[in-house]
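Analysis of the macromolecular model
The lines below spell out each chain.
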Amino acid sequence: MIFVLGGARSGKSFFALKEASKIRGRKAFIATAEPFDEEMKERIERHKKERGRDWDTFEEPLMIADAIRETISTYKVTVVDCLTLWLSNIMHTDLDVNDEIGRLIESLHPTKNDSRVYIVSNEVGMGIVPDNDLARKFRDFAGVLNREVAELSDAVYLIAAGTPLKIK
Amino acid sequence: MIFVLGGARSGKSFFALKEASKIRGRKAFIATAEPFDEEMKERIERHKKERGRDWDTFEEPLMIADAIRETISTYKVTVVDCLTLWLSNIMHTDLDVNDEIGRLIESLHPTKNDSRVYIVSNEVGMGIVPDNDLARKFRDFAGVLNREVAELSDAVYLIAAGTPLKIK
Amino acid sequence: MIFVLGGARSGKSFFALKEASKIRGRKAFIATAEPFDEEMKERIERHKKERGRDWDTFEEPLMIADAIRETISTYKVTVVDCLTLWLSNIMHTDLDVNDEIGRLIESLHPTKNDSRVYIVSNEVGMGIVPDNDLARKFRDFAGVLNREVAELSDAVYLIAAGTPLKIK
(Lines give C-alpha, C1' and ligand atoms only; values in the text may rest on other atoms or scores of the structure.)
Protein backbone atom coordinates (compact mmCIF):
# COMPACT_ATOMS: atom_id res chain seq x y z
CA MET A 1 0.00 0.00 0.00
CA ILE A 2 1.31 3.38 -1.03
CA PHE A 3 0.01 6.60 0.52
CA VAL A 4 0.22 9.78 -1.57
CA LEU A 5 -0.27 12.92 0.49
CA GLY A 6 -0.14 16.45 -0.82
CA GLY A 7 -1.67 19.90 -0.99
CA ALA A 8 -4.42 21.07 -3.32
CA ARG A 9 -3.46 20.81 -7.00
CA SER A 10 -0.06 19.48 -6.01
CA GLY A 11 -0.08 16.70 -8.58
CA LYS A 12 -0.80 13.89 -6.12
CA SER A 13 -3.42 12.14 -8.29
CA PHE A 14 -1.16 12.49 -11.31
CA PHE A 15 1.70 10.88 -9.41
CA ALA A 16 -0.44 8.01 -8.08
CA LEU A 17 -1.84 7.29 -11.56
CA LYS A 18 1.58 7.45 -13.18
CA GLU A 19 3.01 5.00 -10.68
CA ALA A 20 -0.01 2.71 -10.87
CA SER A 21 0.09 2.69 -14.66
CA LYS A 22 3.53 1.07 -14.61
CA ILE A 23 1.94 -2.10 -13.30
CA ARG A 24 0.43 -4.39 -15.93
CA GLY A 25 -3.03 -5.81 -15.58
CA ARG A 26 -6.52 -4.63 -14.72
CA LYS A 27 -6.69 -1.54 -12.57
CA ALA A 28 -9.49 -0.08 -10.45
CA PHE A 29 -10.01 3.62 -9.81
CA ILE A 30 -12.25 4.46 -6.86
CA ALA A 31 -13.39 8.07 -7.24
CA THR A 32 -14.90 9.73 -4.18
CA ALA A 33 -15.84 12.94 -6.00
CA GLU A 34 -19.52 13.55 -6.58
CA PRO A 35 -20.42 15.21 -9.87
CA PHE A 36 -22.45 18.16 -8.59
CA ASP A 37 -22.73 20.00 -11.88
CA GLU A 38 -22.21 19.66 -15.62
CA GLU A 39 -18.65 20.97 -15.49
CA MET A 40 -17.68 18.37 -12.93
CA LYS A 41 -19.42 15.58 -14.85
CA GLU A 42 -17.42 16.49 -17.94
CA ARG A 43 -14.20 16.63 -15.97
CA ILE A 44 -14.83 13.19 -14.47
CA GLU A 45 -15.59 11.78 -17.93
CA ARG A 46 -12.45 13.34 -19.37
CA HIS A 47 -10.31 11.86 -16.61
CA LYS A 48 -11.91 8.47 -17.19
CA LYS A 49 -10.94 8.61 -20.85
CA GLU A 50 -7.41 9.74 -20.01
CA ARG A 51 -6.86 6.73 -17.79
CA GLY A 52 -7.60 4.46 -20.74
CA ARG A 53 -8.91 0.95 -21.21
CA ASP A 54 -6.87 -0.76 -18.49
CA TRP A 55 -8.93 0.98 -15.85
CA ASP A 56 -12.38 0.45 -14.38
CA THR A 57 -13.83 3.40 -12.53
CA PHE A 58 -16.02 3.13 -9.45
CA GLU A 59 -17.74 6.28 -8.26
CA GLU A 60 -18.19 5.80 -4.57
CA PRO A 61 -18.58 8.96 -2.47
CA LEU A 62 -19.35 7.15 0.81
CA MET A 63 -19.04 3.37 0.98
CA ILE A 64 -15.40 3.09 -0.03
CA ALA A 65 -14.53 0.40 2.52
CA ASP A 66 -16.69 -2.12 0.64
CA ALA A 67 -15.42 -0.90 -2.72
CA ILE A 68 -11.80 -1.25 -1.63
CA ARG A 69 -12.32 -4.73 -0.26
CA GLU A 70 -13.92 -5.71 -3.55
CA THR A 71 -11.28 -4.22 -5.86
CA ILE A 72 -8.35 -5.48 -3.78
CA SER A 73 -9.57 -9.02 -4.29
CA THR A 74 -10.18 -8.72 -8.03
CA TYR A 75 -7.74 -6.14 -9.47
CA LYS A 76 -3.97 -5.95 -9.65
CA VAL A 77 -4.04 -2.27 -8.68
CA THR A 78 -6.50 -0.03 -6.86
CA VAL A 79 -6.24 3.76 -6.71
CA VAL A 80 -8.47 5.58 -4.19
CA ASP A 81 -8.78 9.30 -4.99
CA CYS A 82 -9.18 10.90 -2.55
CA LEU A 83 -9.61 10.29 1.19
CA THR A 84 -10.23 13.87 2.34
CA LEU A 85 -13.04 14.28 -0.18
CA TRP A 86 -14.54 11.05 1.14
CA LEU A 87 -14.19 12.37 4.70
CA SER A 88 -15.97 15.56 3.70
CA ASN A 89 -18.76 13.52 2.08
CA ILE A 90 -19.13 11.42 5.25
CA MET A 91 -19.27 14.51 7.45
CA HIS A 92 -22.22 15.77 5.41
CA THR A 93 -24.24 12.67 6.30
CA ASP A 94 -25.60 11.37 9.62
CA LEU A 95 -23.03 8.59 9.67
CA ASP A 96 -20.65 8.40 12.62
CA VAL A 97 -17.29 9.64 11.34
CA ASN A 98 -15.16 7.57 13.72
CA ASP A 99 -17.05 4.40 12.80
CA GLU A 100 -16.60 5.07 9.11
CA ILE A 101 -12.89 5.78 9.52
CA GLY A 102 -12.64 2.50 11.43
CA ARG A 103 -14.37 0.63 8.62
CA LEU A 104 -12.09 2.19 6.05
CA ILE A 105 -8.92 1.38 7.98
CA GLU A 106 -10.08 -2.20 8.41
CA SER A 107 -10.61 -2.59 4.67
CA LEU A 108 -7.03 -1.48 4.09
CA HIS A 109 -5.39 -4.05 6.32
CA PRO A 110 -2.67 -5.89 4.47
CA THR A 111 -4.08 -8.80 2.51
CA LYS A 112 -2.27 -11.89 1.48
CA ASN A 113 -2.59 -11.37 -2.24
CA ASP A 114 -0.22 -9.12 -4.16
CA SER A 115 -2.74 -6.45 -5.08
CA ARG A 116 -1.31 -2.95 -4.84
CA VAL A 117 -3.28 -0.02 -3.40
CA TYR A 118 -2.56 3.68 -3.89
CA ILE A 119 -4.35 6.01 -1.52
CA VAL A 120 -4.47 9.71 -2.36
CA SER A 121 -5.20 12.27 0.34
CA ASN A 122 -4.86 15.98 1.04
CA GLU A 123 -2.59 17.48 3.64
CA VAL A 124 -4.92 20.06 5.21
CA GLY A 125 -3.32 20.82 8.58
CA MET A 126 -0.49 23.17 7.67
CA GLY A 127 -2.50 26.39 7.51
CA ILE A 128 -4.04 28.61 10.15
CA VAL A 129 -6.64 27.12 12.53
CA PRO A 130 -9.95 27.70 10.72
CA ASP A 131 -12.58 29.98 12.34
CA ASN A 132 -15.29 27.64 11.27
CA ASP A 133 -16.11 24.86 13.74
CA LEU A 134 -16.93 22.29 11.06
CA ALA A 135 -13.67 23.03 9.23
CA ARG A 136 -11.78 22.55 12.48
CA LYS A 137 -13.43 19.18 13.05
CA PHE A 138 -12.71 18.20 9.46
CA ARG A 139 -9.06 19.13 9.92
CA ASP A 140 -8.81 17.06 13.08
CA PHE A 141 -10.46 14.03 11.49
CA ALA A 142 -8.28 14.37 8.40
CA GLY A 143 -5.17 14.45 10.58
CA VAL A 144 -6.18 11.27 12.40
CA LEU A 145 -7.22 9.54 9.17
CA ASN A 146 -4.00 10.43 7.36
CA ARG A 147 -1.91 9.20 10.28
CA GLU A 148 -3.70 5.89 10.45
CA VAL A 149 -3.43 5.28 6.72
CA ALA A 150 0.24 6.30 6.70
CA GLU A 151 0.95 3.89 9.52
CA LEU A 152 -0.52 0.98 7.53
CA SER A 153 1.29 1.97 4.35
CA ASP A 154 4.51 0.47 3.06
CA ALA A 155 5.49 3.78 1.50
CA VAL A 156 4.38 7.39 2.03
CA TYR A 157 5.00 10.20 -0.46
CA LEU A 158 4.55 13.88 0.28
CA ILE A 159 3.91 15.83 -2.92
CA ALA A 160 4.71 19.53 -3.23
CA ALA A 161 4.56 21.35 -6.57
CA GLY A 162 4.31 18.05 -8.43
CA THR A 163 7.51 16.80 -6.83
CA PRO A 164 7.27 13.56 -4.83
CA LEU A 165 9.26 13.19 -1.64
CA LYS A 166 9.40 9.74 -0.10
CA ILE A 167 9.00 10.22 3.63
CA LYS A 168 8.49 6.53 4.51
CA MET B 1 17.68 20.65 21.16
CA ILE B 2 15.26 18.95 18.78
CA PHE B 3 12.53 20.89 16.98
CA VAL B 4 9.41 18.98 15.95
CA LEU B 5 7.30 20.85 13.42
CA GLY B 6 4.09 19.60 11.85
CA GLY B 7 0.50 20.24 10.86
CA ALA B 8 -2.57 19.89 13.06
CA ARG B 9 -3.06 16.34 14.33
CA SER B 10 0.02 15.23 12.46
CA GLY B 11 1.40 13.21 15.34
CA LYS B 12 4.11 15.71 16.31
CA SER B 13 3.51 15.49 20.09
CA PHE B 14 3.37 11.71 19.86
CA PHE B 15 6.71 11.68 18.05
CA ALA B 16 8.37 14.06 20.52
CA LEU B 17 7.13 12.03 23.50
CA LYS B 18 8.17 8.74 21.95
CA GLU B 19 11.69 10.03 21.30
CA ALA B 20 11.94 11.67 24.70
CA SER B 21 10.79 8.49 26.46
CA LYS B 22 13.82 6.61 25.15
CA ILE B 23 16.01 8.68 27.45
CA ARG B 24 16.24 7.47 31.03
CA GLY B 25 15.78 9.78 33.97
CA ARG B 26 13.34 12.46 35.13
CA LYS B 27 11.49 14.23 32.37
CA ALA B 28 9.60 17.53 32.32
CA PHE B 29 6.60 18.26 30.15
CA ILE B 30 5.75 21.94 29.69
CA ALA B 31 2.15 22.19 28.49
CA THR B 32 1.05 25.52 27.02
CA ALA B 33 -2.59 24.48 26.57
CA GLU B 34 -5.10 26.10 28.89
CA PRO B 35 -7.96 23.89 30.04
CA PHE B 36 -10.92 26.04 29.01
CA ASP B 37 -13.63 23.45 29.63
CA GLU B 38 -14.30 20.09 31.29
CA GLU B 39 -13.54 18.12 28.15
CA MET B 40 -10.14 19.72 27.83
CA LYS B 41 -9.39 19.23 31.53
CA GLU B 42 -10.12 15.53 31.16
CA ARG B 43 -7.98 15.30 28.05
CA ILE B 44 -5.04 16.97 29.79
CA GLU B 45 -5.43 14.61 32.78
CA ARG B 46 -5.57 11.57 30.50
CA HIS B 47 -2.41 12.64 28.67
CA LYS B 48 -0.68 13.18 32.00
CA LYS B 49 -1.50 9.62 33.04
CA GLU B 50 -0.38 8.26 29.67
CA ARG B 51 3.06 9.82 30.05
CA GLY B 52 3.56 7.92 33.29
CA ARG B 53 5.58 8.37 36.44
CA ASP B 54 8.84 9.46 34.83
CA TRP B 55 7.27 12.75 33.89
CA ASP B 56 6.46 15.96 35.74
CA THR B 57 3.96 18.23 34.04
CA PHE B 58 4.11 22.01 34.16
CA GLU B 59 1.09 23.91 32.85
CA GLU B 60 2.45 27.19 31.66
CA PRO B 61 0.40 29.05 29.04
CA LEU B 62 2.52 32.22 29.08
CA MET B 63 5.78 32.27 31.04
CA ILE B 64 7.48 29.37 29.33
CA ALA B 65 10.92 31.02 29.16
CA ASP B 66 11.24 30.79 32.95
CA ALA B 67 9.81 27.28 33.01
CA ILE B 68 12.24 26.09 30.32
CA ARG B 69 15.24 27.62 32.08
CA GLU B 70 14.14 25.86 35.27
CA THR B 71 13.52 22.42 33.76
CA ILE B 72 16.67 22.47 31.61
CA SER B 73 18.75 22.86 34.75
CA THR B 74 16.98 20.14 36.74
CA TYR B 75 15.66 17.49 34.32
CA LYS B 76 17.33 15.17 31.83
CA VAL B 77 14.65 15.91 29.24
CA THR B 78 12.22 18.76 28.65
CA VAL B 79 9.35 18.63 26.15
CA VAL B 80 7.60 21.92 25.31
CA ASP B 81 4.19 21.35 23.69
CA CYS B 82 3.50 23.55 21.83
CA LEU B 83 4.97 26.86 20.68
CA THR B 84 2.17 28.06 18.44
CA LEU B 85 -0.38 27.60 21.22
CA TRP B 86 1.89 29.62 23.49
CA LEU B 87 2.17 32.29 20.78
CA SER B 88 -1.60 32.43 20.52
CA ASN B 89 -1.88 32.77 24.31
CA ILE B 90 0.65 35.62 24.29
CA MET B 91 -1.19 37.41 21.51
CA HIS B 92 -4.33 37.41 23.63
CA THR B 93 -2.56 39.39 26.38
CA ASP B 94 -1.13 42.91 26.45
CA LEU B 95 2.42 41.56 26.41
CA ASP B 96 4.71 42.62 23.60
CA VAL B 97 4.97 39.60 21.28
CA ASN B 98 8.47 40.38 20.00
CA ASP B 99 9.77 40.80 23.55
CA GLU B 100 8.26 37.50 24.60
CA ILE B 101 9.67 35.68 21.57
CA GLY B 102 13.05 37.18 22.45
CA ARG B 103 12.79 35.94 26.03
CA LEU B 104 11.83 32.47 24.85
CA ILE B 105 14.68 32.26 22.35
CA GLU B 106 17.13 33.36 25.01
CA SER B 107 15.96 30.60 27.36
CA LEU B 108 16.67 28.06 24.65
CA HIS B 109 20.28 29.00 24.06
CA PRO B 110 22.53 25.98 24.26
CA THR B 111 23.50 25.25 27.83
CA LYS B 112 26.57 23.45 29.01
CA ASN B 113 24.78 20.57 30.67
CA ASP B 114 23.53 17.58 28.67
CA SER B 115 19.81 18.22 29.17
CA ARG B 116 17.81 17.52 26.06
CA VAL B 117 14.94 19.73 24.90
CA TYR B 118 12.17 18.82 22.46
CA ILE B 119 10.17 21.73 21.13
CA VAL B 120 6.86 21.01 19.41
CA SER B 121 5.32 23.58 17.06
CA ASN B 122 2.73 23.86 14.32
CA GLU B 123 3.49 24.65 10.72
CA VAL B 124 0.76 27.20 9.96
CA GLY B 125 2.05 29.02 6.87
CA MET B 126 1.28 26.57 4.06
CA GLY B 127 -2.36 27.53 3.52
CA ILE B 128 -4.07 30.50 1.97
CA VAL B 129 -3.41 34.00 3.41
CA PRO B 130 -6.11 34.39 6.08
CA ASP B 131 -8.72 37.17 5.65
CA ASN B 132 -8.55 37.91 9.32
CA ASP B 133 -5.93 40.47 10.32
CA LEU B 134 -5.12 38.82 13.67
CA ALA B 135 -4.69 35.42 11.98
CA ARG B 136 -2.31 37.02 9.48
CA LYS B 137 -0.25 38.52 12.29
CA PHE B 138 -0.25 35.19 14.11
CA ARG B 139 0.96 33.46 10.97
CA ASP B 140 3.78 35.97 10.54
CA PHE B 141 4.89 35.69 14.16
CA ALA B 142 4.69 31.88 14.01
CA GLY B 143 6.88 31.88 10.91
CA VAL B 144 9.52 34.04 12.58
CA LEU B 145 9.35 32.05 15.83
CA ASN B 146 9.67 28.69 14.08
CA ARG B 147 12.64 29.94 12.06
CA GLU B 148 14.48 31.18 15.12
CA VAL B 149 13.89 27.98 17.06
CA ALA B 150 14.88 25.82 14.08
CA GLU B 151 18.10 27.78 13.73
CA LEU B 152 19.06 27.07 17.34
CA SER B 153 18.13 23.40 17.08
CA ASP B 154 20.53 20.54 16.50
CA ALA B 155 17.84 18.62 14.63
CA VAL B 156 14.57 19.59 12.95
CA TYR B 157 11.82 17.12 12.06
CA LEU B 158 8.86 17.89 9.81
CA ILE B 159 5.94 15.58 10.61
CA ALA B 160 3.26 14.77 8.03
CA ALA B 161 0.66 12.08 8.61
CA GLY B 162 2.58 10.79 11.62
CA THR B 163 5.70 10.29 9.52
CA PRO B 164 8.82 12.16 10.65
CA LEU B 165 11.14 13.65 8.07
CA LYS B 166 14.48 14.90 9.31
CA ILE B 167 15.13 18.17 7.51
CA LYS B 168 18.09 19.28 9.64
CA MET C 1 16.74 27.32 -12.61
CA ILE C 2 16.14 26.80 -8.91
CA PHE C 3 12.64 26.82 -7.44
CA VAL C 4 12.28 27.83 -3.79
CA LEU C 5 8.90 26.90 -2.33
CA GLY C 6 7.78 27.49 1.23
CA GLY C 7 5.15 28.72 3.64
CA ALA C 8 4.63 32.29 4.81
CA ARG C 9 7.64 33.71 6.64
CA SER C 10 9.46 30.42 6.19
CA GLY C 11 12.71 32.05 5.11
CA LYS C 12 12.36 31.24 1.42
CA SER C 13 13.46 34.68 0.16
CA PHE C 14 16.36 34.67 2.60
CA PHE C 15 17.47 31.28 1.31
CA ALA C 16 17.19 32.30 -2.36
CA LEU C 17 19.15 35.50 -1.76
CA LYS C 18 21.81 33.72 0.27
CA GLU C 19 22.33 31.14 -2.48
CA ALA C 20 22.24 33.75 -5.23
CA SER C 21 24.77 35.93 -3.43
CA LYS C 22 27.37 33.18 -3.66
CA ILE C 23 27.56 33.76 -7.40
CA ARG C 24 29.83 36.58 -8.49
CA GLY C 25 28.68 39.20 -10.95
CA ARG C 26 25.70 41.46 -11.54
CA LYS C 27 22.45 40.22 -10.09
CA ALA C 28 18.83 41.17 -10.80
CA PHE C 29 16.04 41.11 -8.25
CA ILE C 30 12.51 41.12 -9.69
CA ALA C 31 10.12 42.18 -6.92
CA THR C 32 6.42 41.50 -7.51
CA ALA C 33 5.29 43.27 -4.31
CA GLU C 34 3.48 46.55 -4.75
CA PRO C 35 4.23 49.21 -2.14
CA PHE C 36 0.67 49.99 -1.00
CA ASP C 37 1.62 52.16 1.97
CA GLU C 38 4.50 54.00 3.63
CA GLU C 39 5.45 51.03 5.81
CA MET C 40 5.76 48.79 2.81
CA LYS C 41 7.73 51.40 0.85
CA GLU C 42 10.22 51.62 3.69
CA ARG C 43 10.48 47.85 3.92
CA ILE C 44 11.16 47.55 0.20
CA GLU C 45 13.82 50.25 0.44
CA ARG C 46 15.44 48.56 3.43
CA HIS C 47 15.57 45.23 1.60
CA LYS C 48 17.08 46.93 -1.42
CA LYS C 49 19.87 48.34 0.74
CA GLU C 50 20.45 44.99 2.43
CA ARG C 51 21.01 43.29 -0.91
CA GLY C 52 23.84 45.68 -1.62
CA ARG C 53 25.51 47.11 -4.70
CA ASP C 54 25.75 43.88 -6.70
CA TRP C 55 22.01 43.93 -7.19
CA ASP C 56 19.63 45.82 -9.45
CA THR C 57 16.00 45.82 -8.38
CA PHE C 58 13.07 45.73 -10.78
CA GLU C 59 9.63 46.33 -9.34
CA GLU C 60 7.28 44.47 -11.61
CA PRO C 61 3.92 43.45 -10.14
CA LEU C 62 2.44 42.18 -13.41
CA MET C 63 4.65 41.91 -16.50
CA ILE C 64 7.29 39.61 -15.06
CA ALA C 65 7.63 37.46 -18.19
CA ASP C 66 9.20 40.39 -20.06
CA ALA C 67 11.33 41.34 -17.07
CA ILE C 68 12.62 37.78 -16.67
CA ARG C 69 13.47 37.48 -20.35
CA GLU C 70 15.37 40.76 -20.11
CA THR C 71 17.33 39.98 -16.95
CA ILE C 72 18.17 36.42 -18.01
CA SER C 73 19.92 37.79 -21.07
CA THR C 74 21.86 40.52 -19.24
CA TYR C 75 22.55 39.34 -15.66
CA LYS C 76 24.44 36.42 -14.19
CA VAL C 77 21.66 35.80 -11.67
CA THR C 78 17.97 36.63 -11.49
CA VAL C 79 15.83 36.23 -8.37
CA VAL C 80 12.04 36.46 -8.80
CA ASP C 81 10.26 37.10 -5.48
CA CYS C 82 7.55 35.93 -5.46
CA LEU C 83 5.26 34.04 -7.85
CA THR C 84 2.17 33.77 -5.67
CA LEU C 85 2.15 37.51 -5.06
CA TRP C 86 2.40 38.01 -8.81
CA LEU C 87 -0.50 35.57 -9.31
CA SER C 88 -2.56 37.50 -6.81
CA ASN C 89 -1.75 40.77 -8.63
CA ILE C 90 -2.79 39.23 -11.96
CA MET C 91 -6.05 37.95 -10.51
CA HIS C 92 -6.93 41.51 -9.49
CA THR C 93 -6.74 42.68 -13.09
CA ASP C 94 -8.82 41.82 -16.16
CA LEU C 95 -5.98 39.79 -17.64
CA ASP C 96 -6.59 36.13 -18.41
CA VAL C 97 -4.79 34.18 -15.70
CA ASN C 98 -4.08 31.11 -17.81
CA ASP C 99 -2.62 33.25 -20.60
CA GLU C 100 -0.37 35.07 -18.15
CA ILE C 101 0.80 31.82 -16.55
CA GLY C 102 1.57 30.57 -20.05
CA ARG C 103 3.60 33.69 -20.84
CA LEU C 104 5.53 33.35 -17.60
CA ILE C 105 6.31 29.67 -18.13
CA GLU C 106 7.50 30.45 -21.65
CA SER C 107 9.89 33.11 -20.37
CA LEU C 108 11.42 30.54 -18.03
CA HIS C 109 12.27 27.98 -20.67
CA PRO C 110 15.90 26.95 -20.42
CA THR C 111 18.11 29.33 -22.32
CA LYS C 112 21.46 28.60 -23.79
CA ASN C 113 23.42 31.05 -21.69
CA ASP C 114 24.56 30.22 -18.18
CA SER C 115 22.37 32.74 -16.36
CA ARG C 116 20.93 31.34 -13.17
CA VAL C 117 17.33 31.98 -12.07
CA TYR C 118 15.89 31.60 -8.57
CA ILE C 119 12.11 31.57 -8.37
CA VAL C 120 10.48 32.07 -4.97
CA SER C 121 6.89 30.96 -4.40
CA ASN C 122 4.48 30.17 -1.58
CA GLU C 123 3.07 26.77 -0.85
CA VAL C 124 -0.60 27.63 -0.24
CA GLY C 125 -2.42 24.32 -0.71
CA MET C 126 -1.76 22.53 2.59
CA GLY C 127 -4.50 24.17 4.63
CA ILE C 128 -8.26 23.78 4.71
CA VAL C 129 -10.26 24.47 1.51
CA PRO C 130 -11.07 28.19 1.78
CA ASP C 131 -14.74 29.27 2.04
CA ASN C 132 -14.06 32.15 -0.26
CA ASP C 133 -14.49 31.41 -3.96
CA LEU C 134 -11.67 33.72 -5.07
CA ALA C 135 -9.28 32.18 -2.53
CA ARG C 136 -10.18 28.73 -3.86
CA LYS C 137 -9.44 29.82 -7.41
CA PHE C 138 -6.18 31.39 -6.29
CA ARG C 139 -5.20 28.17 -4.56
CA ASP C 140 -5.95 26.14 -7.67
CA PHE C 141 -3.99 28.48 -9.94
CA ALA C 142 -1.09 28.58 -7.48
CA GLY C 143 -0.99 24.78 -7.44
CA VAL C 144 -0.86 24.59 -11.22
CA LEU C 145 1.70 27.39 -11.47
CA ASN C 146 3.99 25.87 -8.84
CA ARG C 147 3.84 22.48 -10.56
CA GLU C 148 4.73 23.91 -13.94
CA VAL C 149 7.64 25.92 -12.58
CA ALA C 150 8.91 22.97 -10.53
CA GLU C 151 8.81 20.79 -13.62
CA LEU C 152 11.03 23.23 -15.54
CA SER C 153 13.44 23.64 -12.64
CA ASP C 154 16.74 21.88 -12.21
CA ALA C 155 16.36 21.93 -8.44
CA VAL C 156 13.39 22.40 -6.09
CA TYR C 157 13.70 23.31 -2.41
CA LEU C 158 10.89 23.13 0.11
CA ILE C 159 11.54 25.51 3.02
CA ALA C 160 10.02 24.94 6.44
CA ALA C 161 11.07 27.00 9.47
CA GLY C 162 14.04 28.39 7.55
CA THR C 163 15.32 24.90 6.82
CA PRO C 164 15.75 23.99 3.15
CA LEU C 165 14.88 20.50 1.98
CA LYS C 166 15.95 19.58 -1.53
CA ILE C 167 13.04 17.66 -3.04
CA LYS C 168 14.32 17.66 -6.63
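Reading the values: the criteria
- Residues numbered from 1 in each chain as written.
- Chains lettered and ligands numbered in written order.
- Predicted model: local features only at pLDDT ≥ 70, side-chain atom pairs only at ≥ 80, totals over all residues.
- Heavy atoms only, no water.
- Axes fitted to C-alpha atoms, helices over the stretch in contact; angles between N-to-C directions.
- Helix = DSSP H or I, 4+ residues; strand = E, 2+ residues; numbered from the N terminus.
- Parallel < 35°, antiparallel > 145°, perpendicular 65-115°, else oblique.
- Left-handed = near helix turned anticlockwise from the far one by under 90°.
- Contact = heavy atoms within 4.5 Å.
- Nonpolar A, V, L, I, M, F, W, Y, C, P; charged D, E, K, R; others polar.
- Salt bridge = Lys/Arg side-chain N within 4 Å of Asp/Glu carboxyl O.
- Buried < 20%, exposed > 50% of the residue type's maximum accessible area, 1.4 Å probe, protein only.

Here's the deal with the packing of helix 4 (residues 83-91) of chain A against helix 6 (residues 133-152) of chain A
Working note: a packed helix pair is described by the angle between its axes plus the distance between those axes. Residues and elements named next belong to chain A. With their axes 10 Å apart at the nearest point, helix 4 and helix 6 run at an angle of 135° to one another. Of the possible angle classes, the one that applies to helix 4 and helix 6 is oblique. As for the relative orientation of helix 4 and helix 6, their crossing is right-handed in sense. Where helix 4 abuts helix 6, its residues L83, T84, W86, L87, S88 and M91 lie against L134, K137, F138, F141, A142, L145 and V149. Looking at side-chain class alone, the contact of helix 4 with helix 6 contains ten nonpolar, two polar and one charged residues.

Focus on the pattern of salt bridges
Applying the stated criterion to the full structure yields 40 salt bridges over all chains. With a closest N to O distance of 4.0 Å, R46 of chain C and E50 of chain C form a salt bridge. One end of the pair, R46 of chain C, and the other, E50 of chain C, are both in helix 2 (residues 38-51), four residues apart, so they sit about a helical turn from each other. Assessed through its relative accessible area of 46%, R46 of chain C is described here as partly exposed. Assessed through its relative accessible area of 59%, E50 of chain C is described here as exposed. The partner of D114 of chain C in a salt bridge is K76 of chain C, with the nearest N and O atoms 3.7 Å apart. With D114 of chain C in the loop between helix 5 (97-107) and strand 5 (116-122) and K76 of chain C in the loop between helix 3 (64-74) and strand 4 (77-81), this residue pair connects regions lying 38 residues apart in the sequence. Taking the relative accessible area as the measure of exposure, K76 of chain C reaches 39% and is therefore partly exposed. The structure contains a network of salt bridges with shared partners spanning D66, R69, E100 and R103 of chain A.

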